[in-house]
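Spelled out, the chains give:
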Amino acid sequence: MNKWIIAALCCASVGAQAAESVVESALAKHDYALAFASASADVKDGSATDWTRIQLAQLYQRGLGTEADVGAAIRVLTPLAEKDNVDAQLLLSASLASRVTDGLIKPDGKLDADRYKALAARPLSARSDDRRAAEWLWRAAEAGQAEAVQAIAQELAGSVSGVPHDEVAMWFEKAGKKDWVVPLKANDSLTSLKLRRDVINDAALGQQLEAAARKAQCIDENLALKDVRIAAPLADAQYLTLEFKPPVRYKLIAGHWQEKWLFSACGKTFPVEVAFTADGMGGARYEVLPAAKP
């Protein structure tokens, strides 16, 4: 009996490898119809390898050899992701995210402002796909999937989150972005690196600093950001929270706070207050507040 089982397993393995080669050859020739037909047949009869399933999912994602069907890609990838296949986890994250952002970019390549506003206005209860996409990406990154590590670093650099600075710094270092760690740890700002850059380059902030420096007769030195302090703590905060142990406060969705940005030159300090409001998409709108009157 055991010999028969071994023989059956052997033949099944050879058959799966042969079917895999058909898919691989079809993909190399850009014969996506054949690749899809072969891969989907193997999945249907249960003989498909994980590699074949991943190729099928990508064909569904890209609409190659078949109509684009993100839902079908998700169904193919989910069992693989649950088995800790990191490549499937990465692709599943992308599929879930694309389902969220469907229609966000118009055919002419421009952002659909109404669609963006609708996405930003969703309550947390309507963000299941957002959360699942982030969770699968995080899991793949924790397992060392290189593209996922890079993606997590980029997300943390571009979004306002509740992830502790030390943990964010760890992700930056894993992604080879050690130069991002210094500005991250330079002060207690709640802003992302992207948002800090936007504020630094803001014309209103520049004008206010220039006026203050001129009044202080400090015009020969470049103003440098010395420190950031929380002027009004974060209030009414809501995070897109990943359901891990411990939970990960991945993106700030709602909330508001104020910071005092301290610039220095000529041995003097020039404060500027900035008010921030979460924009519903992981970023924040900001306003450079008028200078306090002496």
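Residues numbered from 1 in each chain as written. Predicted model: local features only at pLDDT ≥ 70, side-chain atom pairs only at ≥ 80, totals over all residues. Heavy atoms only, no water.

Caption draft 1: Local environment of the pairing of strand S2 (residues 248-265). Here 13 bridges tie strand S1 (residues 224-242) to S2, and the two strands are oriented antiparallel to one another. Bridging from a neighbouring strand, Arg229 pairs with Lys260 of S2. Following S1, the chain reverses through 5 residues before pairing antiparallel with S2. Here S2 runs beside strand S3 (residues 268-278); their pairing, made up of 10 bridges, is antiparallel. Considered in S3, the bridge of Ser264 is made with Thr269. As consecutive antiparallel partners, S2 and S3 are separated by 2 residues, and within that stretch Cys266 has a phi angle of approximately 55°, a positive value. (Pairing = 2+ DSSP bridges. Helix = DSSP H or I, 4+ residues; strand = E, 2+ residues; numbered from the N terminus.)

Caption draft 2: Local environment of helix H2 (residues 32-45). Here H2 is 14 residues long and its end C-alpha atoms lie 20 Å apart, about the 20 Å a rise of 1.5 Å per residue gives. Along H2, the residues classified as buried are Ala35, Phe36, Ser38, Ala39 and Asp42. Directly beyond the C-terminal end of H2, a positive phi value near 85° is found at Gly46. (Expected span 1.5 Å × (residues − 1). Buried < 20%, exposed > 50% of the residue type's maximum accessible area, 1.4 Å probe, protein only.)

Caption draft 3: Looking closely at the side chain of Thr78. Mapped onto the secondary structure, Thr78 falls in helix H4 (residues 70-82). Of the polar contacts made by the side chain of Thr78, one reaches the backbone oxygen of Ile74; its length is 2.7 Å. (Polar contact = N/O pair within 3.5 Å; in protein donor to acceptor, adjacent residues only side chain to side chain.)

Caption draft 4: Seen up close, the pattern of salt bridges. If you walk through the whole model with that rule in mind, you get 12 salt bridges. We note a salt bridge from Arg99 to Asp129, for which the minimum N-O separation is 2.8 Å. Taken together, the residues Arg99 in helix H5 (residues 86-100) and Asp129 in helix H7 (residues 128-142) connect sequence positions 30 residues apart. A residue is classified by how much of its surface remains accessible, and Arg99, at 36% relative accessible area, is partly exposed. For Asp129, a relative accessible area of 16% corresponds to the buried category. One salt-bridge network, held together by shared partners, links Arg99, Asp129 and Arg132. (Salt bridge = Lys/Arg side-chain N within 4 Å of Asp/Glu carboxyl O.)

Caption draft 5: Focus on the state of the cysteines. This model, assessed by the stated rule, comprises 1 disulfide. The residue that forms a disulfide with Cys218 is Cys266, at a sulfur-sulfur distance of 1.9 Å. Torsion about the S-S bond of the Cys218 and Cys266 cystine: about 90°, corresponding to right-handed handedness. One end of the pair, Cys218, is in the loop between helix H12 (203-215) and S1; the other, Cys266, is in the loop between S2 and S3, and 48 residues separate them in sequence. (Disulfide = S-S within 2.5 Å.)

Caption draft 6: Looking closely at the side chain of Ser189. With respect to the helices and strands, the residue Ser189 is situated in the loop between helix H10 (181-185) and helix H11 (193-200). Judged by relative accessible area, which is 0%, Ser189 ranks as buried. Look past the residues within four positions of Ser189 in its chain and what remains in contact with it is His165, Arg196, Val228, Glu259 and Trp261. (Contact = heavy atoms within 4.5 Å.)

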